[in-house]
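Report on the structure
Below are the chains, spelled out letter by letter.
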Protein chains: 2
Amino acid sequence: MPFPNAIRLVEVAPRDGLQNEPEPIDTATKLELIDRLGAAGIRYIEAASFVSPKWVPQMADHRDVMAGLTRREGVTYSALTPNLKGLEAALECGVEEVAVFGAASETFSHKNINCSIAESLERFAPVLERAKDAGVRVRGYVSCVLGCPYEGEIPPAKVADVSKALYEMGCYEVSLGDTIGTGTPLKAKRMLEAVAKDIPIDKLAAHFHDTYGQALANLYAVLEEGIAVIDSSVAGLGGCPYAKGASGNVASEDVIYMLNGMGIESGIDLDKLAETGQWITLAIGRPNRSKVGVAMAAK
Amino acid sequence: MPFPNAIRLVEVAPRDGLQNEPEPIDTATKLELIDRLGAAGIRYIEAASFVSPKWVPQMADHRDVMAGLTRREGVTYSALTPNLKGLEAALECGVEEVAVFGAASETFSHKNINCSIAESLERFAPVLERAKDAGVRVRGYVSCVLGCPYEGEIPPAKVADVSKALYEMGCYEVSLGDTIGTGTPLKAKRMLEAVAKDIPIDKLAAHFHDTYGQALANLYAVLEEGIAVIDSSVAGLGGCPYAKGASGNVASEDVIYMLNGMGIESGIDLDKLAETGQWITLAIGRPNRSKVGVAMAAK
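Parameters at a glance
- Residues numbered from 1 in each chain as written.
- Chains lettered and ligands numbered in written order.
- Predicted model: local features only at pLDDT ≥ 70, side-chain atom pairs only at ≥ 80, totals over all residues.
- Heavy atoms only, no water.
- Least-squares fit on C-alpha atoms with pLDDT ≥ 70 in both.
- Contact = heavy atoms within 4.5 Å.
- Buried area = accessible area lost by both parts, 1.4 Å probe.
- Salt bridge = Lys/Arg side-chain N within 4 Å of Asp/Glu carboxyl O.
- Polar contact = N/O pair within 3.5 Å; in protein donor to acceptor, adjacent residues only side chain to side chain.
- Helix = DSSP H or I, 4+ residues; strand = E, 2+ residues; numbered from the N terminus.
- Nonpolar A, V, L, I, M, F, W, Y, C, P; charged D, E, K, R; others polar.
- Buried < 20%, exposed > 50% of the residue type's maximum accessible area, 1.4 Å probe, protein only.
- Pairing = 2+ DSSP bridges.
- Right-handed = clockwise from strand over helix to strand, strands pointing away.
- UniProt positions renumbered as here; feature names shortened; annotations may be inferred.

All right, on to the relation of the copies chain A and chain B then. At an RMSD of 0.0 Å, chain A and chain B line up after a rotation of 180 degrees and a shift of 0.0 Å along the axis. On the angle and the small slide along the axis, the relation comes out as a two-fold axis. Taking C-alpha positions as the reference, the residue of chain A nearest the rotation axis is A217(A), at 1.9 Å. A symmetric contact is evident, with 100% of the interface residues of chain A recurring at the interface of chain B.

A separate point is the interface of chain A and chain B. If you look at the interface, chain A gives 38 residues, while chain B gives 38 residues. Approximately 2,900 Å² of surface area, both sides summed, lies buried where chain A meets chain B, with 64% of it carried by carbon and sulfur atoms. When the buried surface of chain A facing chain B is broken down by residue, Y212(A), Y257(A) and K291(A) rank first, second and third, together holding 24% of it. Viewed at the interface, chain B and chain A are joined by 2 salt bridges. Among the salt bridges present, the one from K291(B) reaches D210(A), with a minimum N-O distance of 2.8 Å. Counting across the chain A and chain B interface gives 8 residue pairs in polar contact (both at pLDDT 80 or more). Of all the elements in the fold, those that place two or more residues in the side of chain A that touches chain B are α8 (185–195), α9 (215–224), α10 (252–262) and α12 (291–298) of chain A. Among the residues forming the side of chain A that touches chain B, the class breakdown is 20 nonpolar, 9 polar and 9 charged.

Okay, the side chain of S290(A) next. Residue and element names in this part refer to chain A. Residue placement: S290 occurs in the loop between α11 (270–284) and α12. Of the residues examined, S290 reaches a relative accessible area of 0% and is grouped as buried. Looking at S290, its side chain comes within polar contact range of the main-chain nitrogen of V292, at 3.3 Å. Within polar-contact distance, the side chain of S290 engages the backbone nitrogen of G293 at 2.8 Å. The contact partners of S290, leaving out residues within four places of it in the chain, are A235, A251, E253 and D254.

Residues and elements named next belong to chain B. The element strand β3 (residues 76–80) is largely enclosed, with a buried count of 5 among its 5 residues. The alternating pattern of β3 places T76, S78 and L80 on one face and Y77 and A79 on the opposite face, and all of these are buried. Two elements, strand β2 (residues 44–49) and β3, share 5 bridges in a ladder whose sense is parallel. Bridge pairing in β3 links Y44 to T76. Regarding the hand of the β-α-β motif, the stretch spanning β2, helix α3 (residues 62–68) and β3 is right-handed.

Further remarks concern the UniProt feature "domain: Pyruvate carboxyltransferase" (unreviewed entry) in chain A. Within this structure's numbering, the places UniProt gives as "domain: Pyruvate carboxyltransferase" (unreviewed entry) are residues 7–274 of chain A. Secondary structure across residues 7–274 of chain A divides into 41% helix and 16% strand, with the first and last C-alpha atoms of the span separated by 19 Å.

With that settled, the discussion passes to the environment of I256(A). Residues and elements named next belong to chain A. The topology assignment puts I256 in helix α10. Overall, I256 belongs to the buried group, its relative accessible area being 0%. Residues I256 and V292 lie 36 residues apart in sequence; the distance between their C-alpha atoms is 9.4 Å. Residues in contact with I256, not counting those within four places in the same chain, are L9, S266, I268, L270 and L273.

Okay, here's the thing in structure tokens:
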């Protein structure tokens, strides 16, 4: 069996999960969410996004979030920093790890960050340089790896090119995002195989969305290939902006349940995680999109 | 790749999907559901259950359903017949295929059909004999193959024993049911491997529930083993009686979406199937539990 013995879960609910919420969520709730996730045993939490509040008003309190954190030993609290300005602000808040966000689709890149893929990589170069000087690691995201809302299917070679560029530029890990959740297991495998030609598999992460209910099957397929880092969001927080009312991020509880059943270690307490999912969805008035969360709460 | 080139989908919504609905659904709605499923290209539909209306009031109109069917060429309309009385009634209605329902858990068998597993097999013997005489094929269900609400985990050998008994008794196919949806992919594989020691893989079907969100990952895992018959329910109809409010059957739309992405033929039109899911959930006032159905409707 090629399955990893253990995985690292990257919890993205405080950032990816909340960023599109239209009603402001107070900083105290975000901080409690982050603290509860840490208490459940999660060792990597994406806590904030240093983007302009003009574009993502929900993340406007990024400084307060980063400053207000009760840091737990062994837990990394990271932030998204799309440009140098965002990185400088994050560094002022004592961030120990950041992330940049690229795309495998030209059209998505233009519509999402208003520049070509090549231009986005040029923008990231000084961010990576500055982060290196500051001793801060940088994680790279690639979106649309299994489909684009504008272009449809994306060739695996295109995903491999962008991933390789980010890795060679200094990203210690590249997270492969099925942004619109249209991927299926064999396509996920083929995409990963293309990317893994240039980048060691232990430097890659799977960031899959569950819009079409495929996320766990896709994760199982890439676990077979040796993927050992998985991005997910408690309660499946984070809808799909390209299909209103549909699911977004795969739910952390569902991922951990599957891993537990497969005997793959994560160090995460599923009961505490599921309680956190119930709590945050009640706190912000959203449906709990974790089937495990709903089933555990119903019992 | 050991994946099958094509699969046969067994649509269970009219029976398994509706049987626990507390409010009576009129026969015309059931007949329209069955007809729409056939129009979407489904070739096997479990249409009714010949159980006592005392136990399953929703299926009390089984005669009217079987008699009212507009039969499409190439489509099999089957019915559940737990005993000889049910079979005789089904035969009177011209049923061409029936199913019996056993369990891999002693406690579940006692609580669900009020007898031991061995006694249930004794009860099925005359049903299989009579069906054979009438030239009617019998499908065998085994429930609790990946867990029991009372006993917890069920040893794969126990599942293999019951499955083998049903197969040797004359069931042409044995459908392996993860009744409470607690299974995970590697356990599903191990269970199937145990059963497939005695029964050819092409005589086995996977009947997985999505209560813990694992159904598609489990299906992917058993497709890797060569399973080529999948039971599912449009819109994920059929909740979980052991966790109120939680999901039940895996949604047919989500299964077909995955198979389409994997290049596995089913002969089913996903658009028509998803429309049927939207229609029936609105007609009976239930949430659409197919993520594909919700995402397609939201676009």
